[in-house]
Amino acid sequence: MLRAIQSFFDSQIDPGHRDVRQSDQHRLQVATGALLIEMMRTDVEATEGERSVVMAALQNKFDLTPEETHDLMELAEAEADDAIDHYQFTSLIKTGFSPEQKRKVVEYLWAVAYADENADKHEEYLVRKIANLIGVSHKEFIEAKLRVRDGGEPTG
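Conventions adopted
Residues numbered from 1 in each chain as written. Predicted model: local features only at pLDDT ≥ 70, side-chain atom pairs only at ≥ 80, totals over all residues. Heavy atoms only, no water. Helix = DSSP H or I, 4+ residues; strand = E, 2+ residues; numbered from the N terminus. Buried < 20%, exposed > 50% of the residue type's maximum accessible area, 1.4 Å probe, protein only. Contact = heavy atoms within 4.5 Å. Salt bridge = Lys/Arg side-chain N within 4 Å of Asp/Glu carboxyl O. Core = buried A, V, L, I, M, F, W, Y, C linked by side-chain atoms within 4.5 Å. Axes fitted to C-alpha atoms, helices over the stretch in contact; angles between N-to-C directions. Parallel < 35°, antiparallel > 145°, perpendicular 65-115°, else oblique. Nonpolar A, V, L, I, M, F, W, Y, C, P; charged D, E, K, R; others polar.

Colleague: Before we go on, may I ask you to explain the side chain of T90 in this structure?
Modeller: For T90, the location among the structural elements is in helix α5 (residues 87-96). Assessed through its relative accessible area of 3%, T90 is described here as buried. Sequence-distant contacts of T90, defined by excluding residues within four places in its chain, comprise L35, I130, L133 and I134.

Below is the structure:
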């Protein structure tokens, strides 16, 4: 696990954390944000397009504060060479969120993968792995891929 990201994640979803809304939606946003950053790091080199998609999702679509966005991005980049384990993020999403929210996670992952207009085999593997871990069916995985690939914005 990326230790610094895990620490950030734990502090942001801790029920006693006083500075962050503790709604399920916010917890989904933080967990998904961490996975989006991992998706961005899948390429040998993150492109500006991928970085822009992640930043937009974190700031606008996920309504994270600029401070949270900056901290999460900085931590992910500092820990880029460490081993990756997605269990803490995926288990939260799998047990705590609706099927619709899980599909949104997969759509956002595809949006990052296609930000440079080409999802490579490593990106597809990571989206497939995360989709499986959070309980998104293969059919929904493919539908999300096609929707995003064909220019559709992630729903929600």
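So that's the structure; there's more coming.
Colleague: Sorry, what's going on with the pattern of salt bridges here?
Modeller: According to the stated counting rule, one finds 7 salt bridges in the structure shown. One salt-bridge network, held together by shared partners, links E124, R128 and K145.

Colleague: Can you walk me through the nonpolar core in this structure?
Modeller: Among the nonpolar cores identified, the biggest contains 37 residues, and L36, V54, L58, V106, L109 and W110 are the most heavily contacted of them. Among the elements that line this core, the one with the most residues is helix α6 (residues 99-113), at 8 residues. When residues no more than four places from it in sequence are discounted, the contact partners of V54 are L36, I37, M40, M73 and V112.

Colleague: What exactly am I supposed to notice about the packing of α5 against helix α7 (residues 121-134) here?
Modeller: Relative orientation and spacing of two packed helices are given, respectively, by the angle between their axes and the distance between those axes. Between α5 and α7, the least distance of the axes is 8 Å, while the angle of their chain directions is 45 degrees. The pairing of α5 with α7 is recorded here as oblique in orientation. Side by side, α5 and α7 meet where T90, I93 and K94 of the first sit next to I130, L133 and I134 of the second. A breakdown of the residues in the contact of α5 with α7 according to their chemical character gives 4 nonpolar, 1 polar and 1 charged.

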